[in-house]
Each structure stands twice: as structure tokens, then as C-alpha cells.
Amino acid sequence: MTQIGTDWRVVDGVATAWFDATSLMEGAALAGRIVELPAEIVVDLRATGIRVRLDSDEHAEAVSAAARDLGLAANPAVLQHLSVVFESANPAVVRRFWQHALDYAPGADGGLADPLRRDPAIRIQWTTEPRPLRNRIHLDVVRSAAAVEQVGLGAASGPFGVRHVDPDGNEVDLVPGAALGERIGTADWQAVFSAMACFRISSPTQQRDLAAAAAALADDAGFPLLVDLRPGLVIIDSGKDQWEDDAHGLELDFTDLAASLQTAARGLGAAADPGLPRFAQLFLDAADVAAFRAFWVAALGYTHDRRAGVSDIHDPRRLNPMLVFQELDASETERRRQRNRIHVELAVPSDLAQTRLATTIAAGGRLLDESEDRCRVADPEGNEMVIVRGPELVFG
């Protein structure tokens, strides 16, 4: 147990805080103070607030003090972290496949982790339970066309020619991205389902100034931009499809904003890294999409896509991966009955775990088993989610 103050919770093993803000500029003011601290702190800046993750609790009070000074209040009730778990009799070969597909790094737990700490971690659990039929869950991963070409997973299949299958039969649709458009002034941007540009920076001051410039431009345009700060890097992201007019619903051509952001980044001396953009989401098959989708909205606290006919649901703060749903033929009874080799793991603060479990059960979930630090729940069609309780903190 650790004493790090009431703003903070341990989520997925990491000291984490969320501070509400009313604009990107408010959050950027806090981010600017955070990046001056002598530590590799991970910051996710959103139009509604800012998430801060610390590898140690050494700087927790300094971050909290800066937030208080700026009038920003912590809101630990929104904290959660979604990961993907593969069950396999061949963990080493499965790990190797997904490391190449995702360009992930080996994790401390024997799984895989996104080096940029944006996309979901992959955990691999050993099992000997045979599951010969296709999963009802797969991953979509979008990377630059050059990166996809270099991955070397062999010939793709499927209706769109992008499906790859690991040695256990788990599927990934590995989709090549493209330039955002032909417009002059957006060459640093990639369309990887979202519009994204990753800028290398050389100093905390440059990082602070680029975050502030991006926040100011996005606030002026009324656009809820995603700005993630990593050691040596600023990632600017529209969010999935949000660069398209029908998705954001604003009087805005996103390419105008992208061009302005690129000009600001280059003016500060930042250089784009075209190999870094990556987008990942979970795709779930369901016999009753509407009911199934409603369960996951409640269980994860997610929000429906605003567009008619689009099945996507997303974290309202766009900090966790999106889920997409497609119809499964109801006659595939054996496939529906088989346990997936993939399930999701939702890490929440210890003091919120029982509330989250109750919400999940009320939405139609079925409790399968429970231990001191986790509980396993099946959704109405048998897909599983494990709710993981973070360790308790001694609050100062």
C-alpha cells in the first residue's frame, strides 16, 4: 500500500489521476508544468480533462499541487484501463506473431505492451483447453502502409485482403493507412482510421509549447483533439473517424486544422515520424447486436457513435480502445457456445470495483467466478470480461 494522496489510484499497476478541465488549454497549462518535472510521466490531454500516469509515486504530490494551483479537481471515478488477454497453449509463438503485427515491446508480465502506452496491452495466459472454432472477437490494427508491408506475416486473406491469423487461430485485420489527403500542408499526417501525426521533440520546453499550440488551435476550432505527451514525443490525434465531416458534426474541415497544427509543429522545430501512427480496436461478433452493444456500453461506461447505422462505441474520454460490433449468424450455435481464446480485462481502482461489478451484472452480465483481486463476468452471449481491482492506497 502506498501513500500518494486522494487524487490518485493504482490502475493496471500504475499510479493514475484524472483532472477535469473545461478546455484543452486548461489541461495544457497543467501538462506544461508536468513535463518540466524530472521524470518520464505519461500525459493524455483531452478537451474534458487530463490523465496523468506515473511509473513511481515520487512526483504525485507535485502534480496534484500544480492542478490545485490551476483550479483543476481530480475525478478518480472515471479511471479505468482496458487490456486484451489471449489464452494459448503456445504463448511464445502467439507472442511473437502479435509483437510483429502491433510493433509492441515485451511486457514485464510476459505479454506485450505498446511502447507509446496508447493502445491496449496484450496479456497471454497459458491454457490447454481446445477451442477449434473461430473467435467471436478479433482485433483491427491500422498502421502506415510502409509498416504493414514490412511486418512479414505472410499472405493476407478475408473479404478485404487484410486478415492474418496467428498460430492459434486468433485474427487481426492489419490495415494499411494512407496519407490524410493530397492537400499541401498535411504531409505529416496519416489516416489510420483516425487522423494522426507523431512529432519528435528535443526538450520539455518544445513539448510544452507544442501541446499549448495544439490546444489553442483546437479550442479555437471547437474540435475535441487528442494530444498525448510521451518522452520525446507529442502525438496529435483526431480520434477514430473524427476527421470526417459526418463524424464530428462541426462546421469544420479537419484538414484545415491539420495544416495549422503541422505548421505550428514545424515552426517549433518538431519533426514528424511517419512510422509511428497506429490505431487498434476490438471487433465483436454478436447474434443480437443491439442488446449486446447495450451491455458493453453499460459495462464499460462507453458512449454510442453519433452516426446512424454505425455500431462503434467509445470511451467518452477516448483513453481506451473502441469496440465495434457486427452481426453473427444465429445458426452458428457451436461457435457461439465455444469460449473465445480472447477476452478483455478491465482494471479499475479498488474502491470502484464493486460498483463496476454491480453495474455489469445489472446490464445482463453473469458472474462466473470471483477472487480477492478480480472477478470474471460473461456478457449475454458468453464473451468474458475480467474486472481487476487495483491495490488499495493509504491516502494522505
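Heads up: the structure comes first, above all this text.
Residues numbered from 1 in each chain as written. Predicted model: local features only at pLDDT ≥ 70, side-chain atom pairs only at ≥ 80, totals over all residues. Heavy atoms only, no water.

A. Representation of unusual backbone geometry in the model. Notably, Phe-193 is not glycine yet its phi reads approximately 70 degrees, a positive angle. Residue placement: Phe-193 occurs in the loop between β13 (190-192) and β14 (194-200). What makes Phe-193 partly exposed here is its relative accessible area of 28%. Of note in this structure, Arg-318 is not a glycine but carries a positive phi near 50 degrees. (Helix = DSSP H or I, 4+ residues; strand = E, 2+ residues; numbered from the N terminus. Buried < 20%, exposed > 50% of the residue type's maximum accessible area, 1.4 Å probe, protein only.)

B. Spotlight on the side chain of Thr-255. With respect to the element layout, Thr-255 can be found in helix α7 (residues 254-267). When near neighbours in sequence (up to four residues on either side) are disregarded, Thr-255 contacts Leu-180, Arg-183 and Thr-186. (Contact = heavy atoms within 4.5 Å.)

C. Main features of the pairing of strand β2 (residues 14-20). Among the seven residues of β2, six are classified as buried, and the element is accordingly described as predominantly covered. By the bridge criterion, six bridges tie β2 to strand β4 (residues 49-54) in an arrangement that is antiparallel. Note on β4: the bridge partner recorded for Ala-15 is Leu-54. (Pairing = 2+ DSSP bridges.)

D. Structural detail: helix α2 (residues 60-69). Taken together, the buried positions of α2 are Ala-60, Val-63, Ser-64, Ala-66 and Ala-67. Viewed along the axis of α2, the buried residues span an arc of 160 degrees, placing them on a single side of the element. Each element contacted by the buried residues of α2 is listed here: β2, α1 (24-34) and β4. Downstream of α2 by a residue or two, Gly-71 has a phi angle that is positive, lying close to 80 degrees. (Arc of directions from axis to C-beta.)

E. Inspection of the packing of α1 against helix α5 (residues 204-221) at higher detail. Where α1 meets α5, the axes come as close as 8 Å, and the angle between the chain directions of the two elements is 175 degrees. Classed by the angle they form, the pair α1 and α5 counts as roughly antiparallel. In this structure, α1 contributes Leu-24, Met-25, Ala-28 and Gly-32 to the contact, and α5 contributes Arg-208, Ala-211, Ala-212, Ala-215, Ala-216, Ala-218 and Asp-219. Residues of the contact of α1 with α5, tallied by class, amount to eight nonpolar, one polar and two charged. (Axes fitted to C-alpha atoms, helices over the stretch in contact; angles between N-to-C directions. Parallel < 35°, antiparallel > 145°, perpendicular 65-115°, else oblique. Nonpolar A, V, L, I, M, F, W, Y, C, P; charged D, E, K, R; others polar.)

F. Broad picture of the pattern of salt bridges. Within this structure, the stated rule accounts for 39 salt bridges. The residue Arg-376 makes a salt bridge to Asp-369 at a minimum N-O spacing of 2.5 Å. Residue Asp-369 is classed as partly exposed on the basis of its relative accessible area of 35%. Taken together, the shared-partner salt bridges connect Glu-87, Glu-129, Arg-131, Arg-339, Asp-369, Arg-376 and Glu-384 into one network. (Salt bridge = Lys/Arg side-chain N within 4 Å of Asp/Glu carboxyl O.)

G. Summary view of the side chain of Asp-237. Within the fold, Asp-237 resides in strand β16 (residues 233-237). According to the relative accessible area criterion, Asp-237 is buried, its value standing at 5%. Within the structure, Asp-237 has its side chain in polar contact with the side chain of Arg-118 (distance 2.8 Å). The residues contacting Asp-237, other than those within four sequence positions of it, are Arg-118, Ser-194, Ala-195, Met-196, Leu-225 and Leu-226. (Polar contact = N/O pair within 3.5 Å; in protein donor to acceptor, adjacent residues only side chain to side chain.)

H. Inspection of the nonpolar core at higher detail. With 47 residues, the main nonpolar core has Phe-19, Ile-50, Val-52, Trp-189 and Leu-225 as its most contacted residues. In contact with Val-52, other than residues within four places in its own chain, are Trp-8, Ala-15, Thr-16, Ala-17, Phe-19, Ile-34, Ile-41, Val-42 and Val-63. Grouped together as the second largest cluster of nonpolar side chains are 43 residues, Leu-284, Ile-313, Ile-342 and Leu-346 included. (Core = buried A, V, L, I, M, F, W, Y, C linked by side-chain atoms within 4.5 Å.)

I. Representation of a negative patch on the surface in the model. A cluster of acidic residues, Asp-245, Asp-246, Glu-251 and Asp-253, forms a negative patch at the surface. With respect to the helices and strands, Asp-245 occurs in helix α6 (residues 245-248). (Patch = residues over 30% accessible without salt bridge, like charges linked within 9 Å, V, L, I, M, F, W, Y side chains within 5 Å. Areas by Shrake-Rupley, 256 points an atom, 1.4 Å probe, with all protein chains shown as cover. Lys, Arg positive; Asp, Glu negative; His and termini not counted. Charge placed at Lys NZ, Arg CZ, Asp CG, Glu CD.)

J. Examining helix α10 (residues 353-362) more closely. The complete set of buried residues in α10 reads Ala-353, Arg-356, Leu-357 and Thr-360. On an axial view of α10, the arc spanned by its buried residues comes to 100 degrees, and they lie on one face. Of the exposed residues in α10, those oriented more than 90 degrees away from the buried face are Thr-355 and Ala-362. At its buried positions, α10 is contacted by α8 (289-300), β22 (342-348), β23 (366-370), β24 (374-378) and β25 (384-389). Just downstream of α10, Gly-364 is the residue with a positive phi angle, here 115 degrees.

K. Quick look at the pairing of strand β3 (residues 42-46). Most of β3 is tucked away: five of the five residues are buried. By the alternation rule, side chains of β3 split into Val-42, Asp-44 and Arg-46 and Val-43 and Leu-45, which are all buried. Between β3 and β4, which pair antiparallel one after the other, the connecting turn spans two residues. Bridging between β3 and strand β15 (residues 226-230) involves three bridges; their strand directions are antiparallel. Considered in β15, the bridge of Leu-45 is made with Val-227.

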